[in-house]
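Residue-level listing of the chains:
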Amino acid sequence: MWNADRRANSLRQLHALNRHFISILLAEHDDGVSGAGLTLHFVPQLRALDATATHELCAMPYTLYYLPFGNEIYWHETARLNATDERAAGSFETRQNARRYLTELTLFLAWHVASNDAAGARLFFGMSAGTLEFFRQVDVATLGGAAMQAVQVLQPRWHSNPYFWSDLIKSAGTDHVRLQAARLLGAQLLASELCDEHVVQQAPRRLRMSILRRTSETASVTVPPPEQPPPTALAPL
């Protein structure tokens, strides 16, 4: 049985990976790398956060970045493609790539949590039942090769949602109530993905205002599915 202390430790590791992802976004912006997924308008705001605010922003009970944990077919396909690929072990230079390193760490943490804590794997990574079963059975040596494919689809989670990142950045370190609202919005979006639903029936802004005991008009917001992975893999569910 996976006890509370062990789950808390896994959650601390997840927060550390979120901080690493934010550092990647900032570094790529400095280097002029485009296509990171997060609106450039938010990057200076991210950089302006102090250490406490950044810690709060990263302390979400799920990854702040997307990998296709909801699609079991994707992982079976990447494992098959890399089964005979000599590059799977990777070179020293390849492993210095920050995105590849983050992806590898994430897959190993996901494998560890899936092997011991099914509920945690679903909560932290948004694993579907099939993906959970894959990570429980996969040979750990296969994960390095899978990371080579998965790094190509790494991106900020829910970056197209008009509220999640905006509210997260604005409230971190300043407004704990609104920060909790942003955290709950992420949990709602994650739940909708696990249920194969891409429409949040209650608008995110209404969710925030209800927590603040304010009123707002009823609306419906369409949550776009994650961006398409490379042609070698099927799209996430």
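Predicted model, so just to flag it, every value in this text is computed and none were measured.

1. Side note on the packing of helix α6 (residues 98-116) against helix α9 (residues 143-150)
Stage number 1. Interhelical geometry of α6 versus α9 gives an angle of 130° and a closest axis separation of 9 Å. Taken together, the axis directions place α6 and α9 in an arrangement best described as oblique. The handedness of the crossing between α6 and α9 is right-handed. Contacts from Arg 100, Thr 103, Glu 104, Leu 107, Phe 108 and Trp 111 in α6 reach Leu 143, Gly 144, Ala 146, Ala 147, Met 148 and Ala 150 in α9.
Stage number 2. Of the residues in the contact of α6 with α9, the class split is 8 nonpolar, 2 polar and 2 charged.

2. Points about the confidence of the model for the protein
Stage number 1. This prediction gives the protein a mean pLDDT of 77; 71% of its residues lie at or above 70.
Stage number 2. Model confidence for the protein, summarised as mean pLDDT per element, is weakest for strand β4 (residues 221-222) at 34 and strongest for helix α3 (residues 51-58) at 95.
Stage number 3. Contacts of residues 84-95 to residues separated by more than four positions or lying in other chains number 13 contacts, the stretch itself having pLDDT below 50.
Stage number 4. Counting interchain partners and residues more than four positions distant, the pLDDT-below-50 stretch residues 197-237 has 73 contacts.

What counts as what
- Residues numbered from 1 in each chain as written.
- Predicted model: local features only at pLDDT ≥ 70, side-chain atom pairs only at ≥ 80, totals over all residues.
- Heavy atoms only, no water.
- Axes fitted to C-alpha atoms, helices over the stretch in contact; angles between N-to-C directions.
- Helix = DSSP H or I, 4+ residues; strand = E, 2+ residues; numbered from the N terminus.
- Parallel < 35°, antiparallel > 145°, perpendicular 65-115°, else oblique.
- Left-handed = near helix turned anticlockwise from the far one by under 90°.
- Contact = heavy atoms within 4.5 Å.
- Nonpolar A, V, L, I, M, F, W, Y, C, P; charged D, E, K, R; others polar.
- pLDDT = per-residue confidence, 0-100.

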